[in-house]
Amino acid sequence: MLFILIAGGALACILTALWQLIVAGDLHYEVSRPGFRQGGIEAIIVVLAFAAAVQLSDRKWRLLICLGLAALYLRRHEVDAAVVVDLLYVEFILALGAFATRLCGTTPSFNIVGYLRNFTLGFLVWSACAWIASALGWGSLRDLRILSLLLLIPALYARAPPWCAFVEARVHAMSNKERFCAGLLIAWFLTLFAHSATVFSYDDVWYGLRGERVLVGEGSVFVSQGLVAAIHYFPKVYELFLLPLSGLGSSSVLAGLSILILGFLAAAAYELTRLLGVVDVRARLLCIAVVVSLPAIANTALDVKGDLFSGFLLVLAWIHASGFLATRNRDYLFWMLALLCLSTQAKLTAVPFIGVFLPAVCLLAVFRRGQIVATGPSPVAVVALALAIIVSALATARTWILAGVPTIGPDPLFNLWRTLGFDLLFPAGTMHWVMPKDWSDVGPLAVDILFRPQLTGQWGNWTGNVWLWMAALVFAHVALYANTSGNQLTHTPQQISKDDYAIRVPGLSLMVAGFAIMLFWGFNLPGANVRGGNGNYFIAGVTSALLLTFSAAWLRLRGHRLLHTAFIIALMTFCLSQAMCSFLTGDWTPGTRALDLDFTRSPRQLRHSSKSLFKEQGIFAIAQHLESLNYNARVVGCTRFSDVMGYRLPARFEDIAQVTRGRPGEADTLENFSHFLVRDRIEYLIVPITANSETDCDVGGILLAFAAKLDGNAHIPTLRDESYVLYDIRALISAEH
């Protein structure tokens, strides 16, 4: 009976979702594209070749061949330079954290948790210096790059063993079968790097890839950039961290940091599987493969946003919460609080997770009080918490200074600030992120999230159903073998101890918070028909669900050879299907580049693809003119494919739709729109030529009407390109002022 559930249930979950995504979701064209088919064949060959090379017994040859394969694959996809830059930047942050640890009088640890702590502390040290420098007026792109070079000196002094060397040493110590599994995982990360060269999400091009223009374009993160969209007033701790690598003409160098943070999330999950009782290395690697191949997690690693970083911090906080509950060592407590504090500044969606996680930890701590003698925190833990508070305070102060409210969202907090008398400052706009929940939709929504993701509008960030399948196995095993003696099984699950509660309850709280928000919160994303929110909101919750259900299922089935083997095969099939879905749907771009023998492409693929797009869409001359200005011009306009073209222009471009959505009263009449242009000191307008019927500017009707009034005005210089007209309204704005 249980074997049928394992095999049949897995096939049902996998095939139903694939059918719904590809057939019902109408992805036939994406599946047929050369990037998916040829890129997929290439990825399979590289993954298998890399996994085979990792098994070589000679360490030098193994390293040489693996590095050669990786270099060849990454060079063809023009991301080799990006990977090197990202690794150096991450190693710099790790070393900076190790130096700060030594400065506190503590010897840094170089195990998994030690490295993750070093990265977090290094991130906090860099961020504190960057935010303080920005507050003092030294916050431009050039200033932050100089700051990074100055901080490199103490980082080098720390002489910390590199993370890459640590990973290589751990892989070297594994058996051949374990190394094969590790090789598959590492090769999957190479595939993600290759995929990053072809994907551009709306949010990436909107703000993530142009931080040098929309975050510090006026010289500091604390200076208004004159932008309306509320997203520009969110906490920008992670985006500022990316800034030294911004402006290099490569999207992969920024997305690559998210992929490396996915590696840190995998390391944290690997450690958690051990704490959850799974000691077999291959089993732990299999669990990690399930986590990192899940579309909601793998596809988020291709984005230039703080979602994955926030999820990683919450999962790492789970490790420290369990350590505190088990030992009462306040060192764990202070680290946990620092991680929770920082996670809110990486992504505001961390707040509801903390709202469930922290009370659960506190209640369990009270329940178990007096059992273990508490010990004080180490100096480095105190410093980490202090730095997290400082960085969070500065990031919140920025929002307050620029937008007039401590947080510009979500709706409950924003409404609270308005009730307390805070006023939204010009030109900051806002929007409604939530809407009344349709409670009759909860049941159908749960089914759609699990098996019909295309109906939720989030099939590119699908949260999967493997965790439900594993949970069903656990409950079925409990029901079938509850009254069975241990003689019929070679392993009888142990009773849950109090230490088990210490590790499981924090993770369970993250899981419950994630699914509760997913099902019971009324999301409202303008321009997108999304039910249940985007999958990237729930990384911590889904990761917790995967780890908890996997460990429970593994421990219950490991003593029964047939069931255990079927379980492993089923999980491998889940990994393959999830990886395929991720490869197909990552940021709405299937696969990588089609097969060719061109290894000479420039690593600045974003810059070159933007120029090609500008020429194709008839806006190249305007782009050249804006770039020749040698300053960060403020532009409002309407362009075709504004998500991938207008925001690529070398200026602080903002689509008219963002203005009308964020501050609708500013664009309801010509008089109000003219007043907005003057007040916000807009310098240029970009308007499509009337004959360019392919450009949909219905939402920009007010823009077209205003431009029509400018036609024939000798005092308004214009640049007429093939498909667009650039209006230079600086003289008009100056006259009005």
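Basis of the calculations
- Residues numbered from 1 in each chain as written.
- Predicted model: local features only at pLDDT ≥ 70, side-chain atom pairs only at ≥ 80, totals over all residues.
- Heavy atoms only, no water.
- Helix = DSSP H or I, 4+ residues; strand = E, 2+ residues; numbered from the N terminus.
- Rg over C-alpha atoms; globule rule 2.2 N^0.38 Å.
- Buried < 20%, exposed > 50% of the residue type's maximum accessible area, 1.4 Å probe, protein only.
- Areas by Shrake-Rupley, 256 points an atom, 1.4 Å probe, with all protein chains shown as cover.
- Lys, Arg positive; Asp, Glu negative; His and termini not counted.
- Charge placed at Lys NZ, Arg CZ, Asp CG, Glu CD.
- Pairing = 2+ DSSP bridges.
- Axes fitted to C-alpha atoms, helices over the stretch in contact; angles between N-to-C directions.
- Left-handed = near helix turned anticlockwise from the far one by under 90°.
- Contact = heavy atoms within 4.5 Å.
- Nonpolar A, V, L, I, M, F, W, Y, C, P; charged D, E, K, R; others polar.
- Salt bridge = Lys/Arg side-chain N within 4 Å of Asp/Glu carboxyl O.
- Phe/Tyr/Trp six-rings, centres within 6.5 Å; stacked < 30°, edge-to-face > 60°.
- Lys NZ or Arg CZ within 6 Å of the ring centre and 35° of its normal.
- Disulfide = S-S within 2.5 Å.
- Expected span 1.5 Å × (residues − 1).

Let's talk about the overall build of the chain
Then step 1. The number of helices and strands found in the chain is 31 helices and five strands.
Then step 2. What you see for the chain is a C-alpha radius of gyration of 26 Å, in line with the 27 Å of a compact globule of 737 residues.
Then step 3. Projected onto the principal axes, the alpha-carbon positions of the chain cover approximately 95 × 60 × 55 Å.
Then step 4. Burial status across the chain gives 59% buried among its 737 residues.
Then step 5. Of the roughly 29600 Å² of accessible surface on the chain, 64% is carried by carbon and sulfur atoms.
Then step 6. Both charge centroids of the chain, one from 54 positive and one from 49 negative side chains, sit 10 Å from each other.

Quick look at the pairing of strand β3 (residues 684-688)
Then step 1. The buried count for β3 comes to five of five residues, which makes it a mostly enclosed element.
Then step 2. As paired strands, strand β1 (residues 634-637) and β3 are joined by three bridges and run parallel to one another. By the bridge assignment, Val636 is partnered in β3 with Leu685.
Then step 3. With five bridges joining them, β3 and strand β5 (residues 724-728) adopt antiparallel strand pairing. The residue bridging Ile686 from the neighbouring strand is Leu726, located in β5.

Some points on the environment of Trp188
Then step 1. Residue placement: Trp188 occurs in helix α9 (residues 176-195).
Then step 2. Taking relative accessible area as the criterion, Trp188 reaches 12% and is therefore assigned buried.
Then step 3. On a C-alpha basis, the gap between Trp188 and Asn461 in space is 18 Å, while along the polypeptide they are 273 residues apart.

Examining the packing of helix α13 (residues 252-275) against helix α24 (residues 539-557)
Then step 1. Contact geometry for α13 and α24: axes closest at 11 Å, N-to-C directions at 35 degrees. By crossing handedness, the relation of α13 to α24 is classed as right-handed. Where α13 approaches α24, its residues Leu265, Ala269, Leu272 and Thr273 are matched on the opposing element by Ile539, Thr543 and Leu547.
Then step 2. A per-class count over the contact of α13 with α24 returns five nonpolar, two polar and no charged.

A closer look at the pattern of salt bridges
For side chains of opposite charge, pairing can occur when their charged atoms come near one another.
Then step 1. Tallied over the full model, the rule gives 19 salt bridges.
Then step 2. The residue Lys305 makes a salt bridge to Asp307 at a minimum N-O spacing of 4.0 Å.
Then step 3. The partner of Arg663 in a salt bridge is Glu666, and the shortest N-O contact between them spans 3.3 Å. For the pair Arg663 and Glu666, a shared accessibility class is recorded, and that class is buried.
Then step 4. Within this structure, Glu42, Arg76, Glu78, Arg593 and Asp596 form a network of salt bridges that share partners.

Examining the sheet that holds strand β2 (residues 652-655)
Then step 1. Read from one edge of the open sheet, five strands run β2-β1-β3-β5-β4, paired in mixed fashion. With partners counted over all chains shown, the strands left at the sheet margins are β2 and β4 (718-720), one partner each. The average angle at which neighbouring strand axes cross in this sheet is 20 degrees, direction not considered.
Then step 2. Taken strand by strand, helix α27 (residues 620-628) contacts β1, β3, β4 and β5, and its axis lies near 30 degrees from that of β5.

Quick word on the packing of aromatic side chains
Then step 1. Inspection of every chain in the model, using the stated rule, returns 35 aromatic pairs.
Then step 2. Each ring, one from Phe99 and one from Tyr157, has its centre 6.3 Å from the other, and the planes form 80 degrees; the classification is edge-to-face. Remark: Tyr157 occurs in helix α7 (residues 141-158) and Phe99 occurs in helix α5 (residues 80-103); sequence separation between them is 58 residues.
Then step 3. For the pair Trp400 and Phe422, a centre-to-centre distance of 5.4 Å together with 65 degrees between the ring planes defines the contact as edge-to-face. You can see Trp400 sitting in helix α19 (residues 379-403) and its partner Phe422 sitting in the loop between α20 (411-419) and α21 (442-451), a full 22 residues away along the chain.
Then step 4. Among the residues examined, Trp400 registers a relative accessible area of 44% and is labelled partly exposed.
Then step 5. A cation sits over an aromatic face here: Lys615 above Phe620, 5.0 Å from the ring centre.

Some remarks on the state of the cysteines
Then step 1. For the coordinates displayed, the defined rule picks out zero disulfides.
Then step 2. Lacking any disulfide linkage, Cys66 is separated from the closest cysteine sulfur, that of Cys164, by 13 Å.
Then step 3. Taking the relative accessible area as the measure of exposure, Cys66 reaches 9% and is therefore buried.
Then step 4. Free cysteine: Cys287, not disulfide-bonded; nearest cysteine sulfur from Cys575 at 9.1 Å.

What to know about helix α1 (residues 2-24)
Then step 1. Taking 1.5 Å per residue, 23 residues should reach 33 Å; α1 reaches 30 Å between its end C-alpha atoms and fits that length.
Then step 2. Residues of α1 that are buried include every one of Leu2, Ile6, Gly9, Ala10, Cys13, Ile14, Ala17, Leu18, Gln20, Leu21 and Ile22, and no others.
Then step 3. Those residues of α1 hidden inside the fold are in contact with α2 (28-32), α21, α22 (466-481), α24 and α25 (561-585).
Then step 4. Asp26 sits one or two positions beyond α1 and adopts a positive phi of about 60 degrees.

Regarding unusual backbone geometry
Then step 1. Residue Pro427 follows Phe426 across a cis peptide bond; omega there is 5 degrees.
Then step 2. Along the chain, the position of Pro427 falls in the loop between α20 and α21.
Then step 3. Phi is positive for Arg159, close to 50 degrees, though the residue is something other than glycine.
Then step 4. You can see Arg159 is positioned in the loop between α7 and α8 (163-172).

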